[in-house]
Amino acid sequence: MSVNVSDATRDDAATRVVLTGFGVFSSIGVGADEFAEGLRAGRSGAKPITLFDTEGFAHANGCEITGAEPERWIHNLPTETLGRATQFSVAAARMAVEAAGADLDDLRARRGMISIGTTDGESYELDHLVGTEVASGPQAMDPTVARRVYPNRLSVAAAQELGLSNVEAVTIATACSAGNYAIGQGFDAIRSGEVDYALCGGADAMCRKTFTGFYRLGTIAPDVCRPFDVDRKGILTGEGAGVLMLESLASARARGARIYAEVLGYGMNCDAYHQVAPNQDSVARCMEIALENAGVKASEVDLISAHGTGTKANDVTESRAIHDVYGDTVPRTVSLKSMLGHTMGAASALAAIACALSIHHGFIPPTINHRETDPECEIDCVPNQSVEADLRIVQNNGLAFGGNNAIVILGKYQEGVR
């Protein structure tokens, strides 16, 4: 839970946390500018999966990243020692620092944090090891691949690549809400004065293990993901990384940084209700915690970036929980997974970046592939076409297996206004 900061100090520039740079790897764009263009255009990342053998599956579309070349942003570590997810994470961390205009020598002299969330860690590499073992025995397993599988590499390798030795580097394994967990951790650390900056987000690579698991659950869509649609059939697995540069407002002002948005607060809970089924009351309570922590009234929220997986259970449960909190005045509620697929541990981090970009550029991204809203999901999901909007406050939902919920509230930064 968030640290308590008294009202007397809340407006102090040292305790206000802002977002000044992003690193993005997604199936609809690499880097903040390309990502924003993809969001505004309603670009789809769905395509046939090529990363692993899909023979035997009746359908196998996913939101795979092609042609991204993360090695372009990795200068100091041998890329062959890094798993696919770690390459995304490390490259996104450098991209975020560069996009923020931060000086690495300055960051190295200050106390920082690197917090990366994940669902699968390096399960893509583990898939390869297991396949080799089954086919040829353990003696045939490649030691180089074996050294890639440790999930702590997602954060530690970023610190090594950037030469940041005065940091706490942690990997958070709270599945699909892990990116928001990481942002909340960085938010608290900066507000309390524990660190001066934080690189927070999430990363995952597509893997056969997770695709197969969702397929066996009957939740992989045959073609595209249609959140909140009456004909929705489930998720598409995706991959990528989103890393956000968080720093105090005082720090951003001192170096003349561009500020995309302000982190106003967050909420998290774990209801442990069911391994895969969401709990309506718990999701609603998490929203209330986030709004309370941010000092925001429900009536002030302009947009909700929903978890919005496109499954029957999630979309109805989440929509009802939103109505529990917002009553009959529900803000527009979109699902980015219609474009990005479900990027697992990267999902809420990429969504947080999308929220900040939407605030900064003044638009609402659409829920694509939409035909008819399910009457049990009583929301305006902004179907198929983005709309221009002056967004002041945006809520970003992250809901995970096991009832691990984390929700972040972002606001438009205005000089002298909070």
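Residues numbered from 1 in each chain as written. Predicted model: local features only at pLDDT ≥ 70, side-chain atom pairs only at ≥ 80, totals over all residues. Heavy atoms only, no water.

## Observations concerning the overall build of the protein chain
What counts here: Strands are runs of DSSP state E lasting at least 2 residues, helices are runs of H or I lasting at least 4, and numbering of each runs from the N terminus. Values of the radius of gyration come from C-alpha atoms, whereas the globule rule sets the reference at 2.2 Å times the count of residues to the power 0.38. The buried label applies to any residue whose accessible area, calculated with a 1.4 Å probe on protein chains only, is under 20% of its type's maximum; exposed applies above 50%, and partly exposed to all values in between. Here, two residues are considered to be in contact whenever any of their heavy atoms come within 4.5 Å of each other. A 1.4 Å probe and the Shrake-Rupley method give the accessible areas. Residues count as covered only by the protein chains that appear here. In summary, the charge assignment counts Lys and Arg as positive and Asp and Glu as negative, without counting His or the chain termini. For the purpose of locating charges, the reference atoms are NZ of Lys, CZ of Arg, CG of Asp and CD of Glu.
Each helix and strand in the protein chain was counted, giving 14 helices and 15 strands. The C-alpha atoms of the protein chain give 20 Å as radius of gyration, which agrees with the globular expectation for 418 residues (22 Å, within 12%). Each principal axis of the C-alpha atoms in the protein chain carries an extent, and together these give about 65 × 55 × 40 Å. Here the protein chain holds 418 residues, and 63% of them are scored as buried. Contacts in the protein chain between residues at least 24 apart in sequence constitute 78% of all its contacts with a sequence separation of at least 6. Accessible surface for the protein chain amounts to roughly 15,300 Å². Of this, 48% is attributable to carbon and sulfur atoms. Each charge class in the protein chain can be summarised by its mean position, and for the 34 positive and 52 negative side chains these summaries are 2 Å apart.

## Details of the pattern of salt bridges
A side chain of one charge can pair with a side chain of the opposite charge when the charged atoms of the two come close. Counted only if it meets this: What makes a salt bridge here is a side-chain nitrogen of Lys or Arg within 4 Å of a carboxyl oxygen of Asp or Glu, nothing more.
Summed over the entire model, instances satisfying the criterion amount to 20 salt bridges. Two residues, R40 and E388, come together in a salt bridge whose shortest N-O distance is 2.8 Å. Of the two residues, R40 sits in helix α2 (residues 32-41) while E388 sits in strand β13 (residues 387-388), which places them 348 residues apart along the sequence. A relative accessible area of 32% means that R40 is categorised as partly exposed. With relative accessibility at 55%, the residue E388 sits in the exposed group. For D380, the salt bridge is made with R332, and the minimal N-O distance between the two is 3.5 Å. Residue D380 is located in the loop between β12 (363-364) and β13, and its partner R332 is located in strand β11 (residues 332-334); the two are separated by 48 residues in the primary sequence. One salt-bridge network, held together by shared partners, links R94, E98 and E161.

## Quick notes on the nonpolar core
In plain terms, the rule: Side-chain atoms within 4.5 Å link the members of a nonpolar core, which is a set of buried Ala, Val, Leu, Ile, Met, Phe, Trp, Tyr and Cys residues. The split into domains, and so the bounds of each, comes from an automatic or database assignment of domains.
In terms of nonpolar packing, the biggest core is built from 53 residues, with L19, F22, F35, L244 and L246 touching the most fellow members. Counting residues per element, this core draws most heavily on helix α14 (residues 347-361), at 10 residues. No fewer than three residues from each of domain 1 (17-254) and domain 2 (265-410) sit in this core. In this structure, L19 is in contact with L244, M245, L246, R258, I259, Y260, A261, V263, A356 and L410, ignoring residues within four places of it in sequence. Counting 50 residues, the second-largest nonpolar core is a separate cluster that includes I65, M95, A159 and V167.

## A few points about the domain arrangement of the protein chain
Keep this limit in mind: We define buried area as the total accessible area lost by two parts upon association, computed with a 1.4 Å probe and summed across both. We call two N or O atoms a polar contact when they sit within 3.5 Å, provided that within protein one can donate a hydrogen and the other can accept it, with sequence-adjacent residues counted only if both atoms are side-chain atoms. Amino acid classes used here: Ala, Val, Leu, Ile, Met, Phe, Trp, Tyr, Cys and Pro are nonpolar; Asp, Glu, Lys and Arg are charged; the rest, including Gly, are polar.
Each assigned domain of the protein chain is listed here: domain 1 (17-254) and domain 2 (265-410). Its C-alpha centre places domain 1 at a distance of 20 Å from the equivalent point of domain 2. Listed by partner, the interface residues are 63 residues for domain 1 and 67 residues for domain 2. Summed over both sides, the interface between domain 1 and domain 2 buries roughly 4,900 Å², with carbon and sulfur atoms accounting for 65% of that surface. Broken down residue by residue, the surface that domain 1 buries against domain 2 is led by R40, F228 and R232, which jointly contribute 19%. Applying the counting rule to domain 1 against domain 2 returns 3 salt bridges. At the boundary of domain 1 and domain 2, one finds 26 residue pairs in polar contact (both at pLDDT 80 or more). Of all the secondary structure elements, the ones that give two or more residues to the side of domain 1 that touches domain 2 are β1 (17-26), α2, α8 (178-191), β7 (197-204), α9 (208-216) and β8 (240-248). Residue contributions to the side of domain 1 that touches domain 2 peak at 8 residues, all from α8. Residue composition of the side of domain 1 that touches domain 2, by class: 28 nonpolar, 24 polar and 11 charged.

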